Amino acid sequence: MVSERMNDGEPERSVPGRQSVNKPIYVTQPFLPPLEEFIPYLERIWEKKILTNNGPFHQELEQALCEYLGVRHVALFANGTLALVTALQALRITGEVITTPYSFVATAHSLLWNAIKPVFVDIDADTLNLDPERIEAAITPHVTAIMPVHCYGRPCDVDAIQRIADNYNLRVIYDAAHSFGVQDGNGSLLSHGDLSVLSFHATKVFNTFEGGAIVCPDAKTKQRIDHLKNFGFVDEVTVVAAGINGKMNEVSAAFGLLQLRHMEAALTARKRIDSRYRELLDGVPGIRCLANSAATVSNYAYFPILVDPEYAISRDALYQNLRDNGIYARRYFYPLISEFPMYRGLPSASLDNLPVATAISRKILCLPIYPALISAEVEYIVDLIRKGAGVET
Ligand SMILES: Cc1ncc(COP(=O)(O)O)c(C=O)c1O
């Protein structure tokens, strides 16, 4: 069952451009299934009176996600950041970790929360992910792991990263916050590395209001993660680690189960918007869409464009112009993580070390994309961009 707002089969709903749509358009809008579909889930929670602590919906969602994503084990969390912090603890990562500056701050913050020093390595200009060719040169005797990000849900060069990890005996934890449902030639993108971490934040393709998960390949690691996310409790009288309270509650887990039923339609709608943007932006001087990624199944979580110098105005002028017209595009990811005060003193944070990430962060702009965005709104956004370029529309 799909809500009317989903517009999966849109194209034509007669909204005559922006004049009649005076609400702001944000970079994303959470997909909320019809409220009446959620009521039976709430009734079950009220009946059972189990609100958290590995309750029935929590267990059901873990199982459903294993099947949906095609992975062995999923440990649910209250959010993706706690999942990242816990993933590092589960593998006892210490010292220094190689990571990307081109991500949301939580990637590097999860290292600082574990007293681990981030070592920033530049990104590849095409994938916008960690450049494997630069990783080796950044390895020090203190580096114990690599934390790459599949930025925008576009796959990292997982084979090259694994080769380096194997050669240097490093662990790999993917920040896969953007990668729900993405597949490559081997199946789920989440099966690579030692662990992958998802975010189910309200802004993500699949949301549980707040939420996250660790995907892991074996039952033993899953068990350790389950202890760590519940204060380190193994049983009533045994605490094996200084674990955190990272558990997902039953309302979020129930919402996740309902949300899963709508995923296919949501992804179809996103794909349609992605194609429409590509078609309409084709040939606008100075505007570049990212080339299709190595994914065999994409989730269209973001629609990033690069604003090159040939565009008539700067990226920031375009960003402001869109805002002035009620379009809240976002500069993901600007500034770079390495530019924030708690990171900029690190030797690896110097702009000379990160020329590609620096250049991309000055050009990037993520346009609105979400299932309820209709064609007339996409056309309106592109018209504004074309006008900025001086193109007659
Ligand atoms: C790349 C990345 N990592 C980590 C996170 C943190 O996830 P959460 O907001 O669920 O804590 C996010 C998003 O919010 C993200 O985009």
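Preceding this section is the structure that the text describes.
The rules we used
Counting of residues starts from 1 at the beginning of each chain's written sequence and follows it residue by residue. Confidence filtering applies because this is a predicted model: local features only for residues at pLDDT of at least 70, side-chain atom pairs given and counted only at 80 or more, and all residues used for totals across whole chains, interfaces and linings. Side-chain metrics rest on all non-hydrogen atoms present in the structure, leaving aside hydrogens and water. Comment: elements are numbered from the N terminus, with helices defined as DSSP H or I runs of at least four residues and strands as E runs of at least two. Taken over C-alpha atoms, the radius of gyration is set against a globule rule of 2.2 Å times the number of residues to the power 0.38. The buried label applies to any residue whose accessible area, calculated with a 1.4 Å probe on protein chains only, is under 20% of its type's maximum; exposed applies above 50%, and partly exposed to all values in between. Between two residues, a contact is recorded if the distance between any of their heavy atoms is within 4.5 Å. Residue exposure ignores everything except the shown protein chains as possible cover, and the areas themselves are Shrake-Rupley values with a 1.4 Å probe. Counting rule applied: Lys, Arg positive; Asp, Glu negative; His and chain ends not counted. Think of each charge as sitting on NZ of Lys, CZ of Arg, CG of Asp or CD of Glu. In this text, buried Ala, Val, Leu, Ile, Met, Phe, Trp, Tyr and Cys residues form a nonpolar core when linked through side-chain atoms within 4.5 Å. Using a grid of 1 Å spacing that covers the protein atoms alone, one calls a set of points a cavity when a 1.4 Å probe fits there but cannot get out, and a pocket when the set is open and has protein on both sides within 12 Å along at least five of seven lines; lining residues are those with an atom within 4 Å of a point. Grid points are joined across faces, edges and corners, and a volume is the space filled by probe spheres set on the points. Gly falls in the polar group here, along with every residue not listed as nonpolar (Ala, Val, Leu, Ile, Met, Phe, Trp, Tyr, Cys, Pro) or charged (Asp, Glu, Lys, Arg). Patch criteria: residues need more than 30% relative accessible area and no salt bridge. Like-charged residues are merged within 9 Å; nonpolar side chains of Val, Leu, Ile, Met, Phe, Trp and Tyr are merged within 5 Å. The term salt bridge refers to a side-chain nitrogen of Lys or Arg lying within 4 Å of a carboxyl oxygen of Asp or Glu. Whenever two N or O atoms come within 3.5 Å, that pair is a polar contact, provided that in protein one can donate a hydrogen and the other can accept it, and provided that, for residues adjacent in sequence, both atoms are side-chain atoms. Whether a residue is near a molecule or strand is decided by its heavy atoms; if any one of them lies within 4 Å of it, the residue is near. Strand pairing requires that DSSP identify at least two bridges connecting the strands. Angles run from 0 to 180 degrees between N-to-C directions of axes, and those axes are lines fitted to C-alpha atoms, restricted for helices to the stretch in contact.

Caption draft 1: A look at the overall build of the protein. The helix and strand inventory of the protein stands at twelve helices and 16 strands. Taking 21 Å as the expected radius of gyration for a compact globule of 393 residues, we find that the protein reaches 21 Å, a close match to that expectation. Counting only C-alpha atoms and orienting by the principal axes, one finds that the protein spans roughly 70 × 55 × 35 Å. Counting all 393 residues of the protein, 55% fall into the buried class. Counting contacts in the protein only where the partners sit at least 6 residues apart, residues at least 24 apart contribute 71% of the total. About 17300 Å² of surface is accessible on the protein, with carbon and sulfur atoms providing 52% of the total. The centroid of the 36 positive side-chain charges in the protein is displaced by 4 Å from the centroid of its 44 negative side-chain charges.

Caption draft 2: View of the nonpolar core. L61, L65, Y102, Y152, F180, L198 and F200 are the most contacted members of the largest nonpolar core, which totals 56 residues. At the level of elements, helix 1 (35-48), helix 2 (56-69), strand 2 (73-77), strand 10 (212-216), helix 8 (250-260), helix 9 (263-281), helix 11 (355-361) and strand 16 (364-367) are the ones that each hand at least two residues to this core. Residues in contact with F200, not counting those within four places in the same chain, are L65, L76, F180, F206, N207, T208, F209, E210, G211, G212, A213 and M248.

Caption draft 3: Broad picture of empty space enclosed by the protein. According to the stated counting rule, one finds four cavities of 30 Å³ or more in the structure shown. Estimated volume of the largest cavity: approximately 60 Å³. Around the largest cavity, the lining residues are A177, H178, F180, S199, T203, K204, V205, F206, R270, N299, A301 and Y302. Here the residues of the lining of the largest cavity are counted per class, giving six nonpolar, four polar and two charged. Taken as a whole, the second largest cavity holds about 60 Å³ of empty space. Lining of the second largest cavity is provided by 13 residues; of these, Q29, F31, K204, V205 and R270 occupy positions nearest its centre.

Caption draft 4: Structural detail: a nonpolar patch on the surface. On the surface, F231, F233 and V239 cluster together into a nonpolar patch covering about 260 Å² of accessible area. Mapped onto the secondary structure, V239 falls in strand 12 (residues 238-239).

Caption draft 5: Representation of the layout of surface pockets. Approximately 440 Å³ is the volume found for the largest pocket. Every element with two or more residues in the lining of the largest pocket is listed here: helix 3 (80-90), helix 4 (106-112) and strand 9 (195-199). When grouped by side-chain class, the residues that make up the lining of the largest pocket number 14 nonpolar, eleven polar and three charged. In this model, the second largest pocket occupies a volume close to 250 Å³. Looking at the second largest pocket, it is lined by 15 residues, and the ones nearest its centre are R154, D274, R278, S298 and Y300.

Caption draft 6: Structural context of helix 8. By the criterion of burial, helix 8 is predominantly enclosed, with ten of the eleven residues buried. Turning to helix 8, its buried residues are E250, S252, A253, A254, F255, G256, L257, L258, Q259 and L260. Elements in contact with the buried residues of helix 8: helix 1, helix 2 and helix 9. The N-cap of helix 8, judged by a side-chain oxygen 2.8 Å from the amide nitrogen of V251 a few residues on, is N249.

Caption draft 7: Here's a closer look at the environment of Y311. Note that Y311 resides in the loop between strand 14 (303-307) and helix 10 (315-324). With relative accessibility at 3%, the residue Y311 sits in the buried group. It is 4.0 Å that separates the C-alpha atoms of Y311 and G286, two residues lying 25 residues apart in sequence. Filtering out sequence-adjacent residues up to four positions away, Y311 remains in contact with V284, P285, G286, I287, L318, L384, I385, G388 and A389. A distance of 2.5 Å separates a polar atom in the side chain of Y311 from the backbone oxygen of I385. A polar contact is formed between the side chain of Y311 and the backbone nitrogen of A389, at a distance of 3.3 Å.

Caption draft 8: Fine view of the site of the ligand. Near the ligand lie 15 residues; those nearest to it are G80, T81, D175, S199 and K204. At 2.7 Å, a side-chain N or O of D175 approaches a nitrogen atom of the ligand. A distance of 2.8 Å separates an oxygen atom of the ligand from a polar atom in the side chain of H178. Listing elements by their share of the shell around the ligand, those giving two or more residues are helix 3 and helix 4. The element contributing the most residues to the shell around the ligand is helix 3, with three residues.

Caption draft 9: Highlighting the sheet that holds strand 13 (residues 287-289). Strands sit in the order 13-14-16 across an open sheet of three strands; the sheet is antiparallel. Of all strands in the sheet, those bounded by a partner on one side alone are strand 13 and strand 16. Going from strand to strand, the sheet's axes swing by 35° on average, the running direction of each strand aside. For strand 13 and strand 14, the ladder comprises three bridges, and the chain directions are antiparallel.

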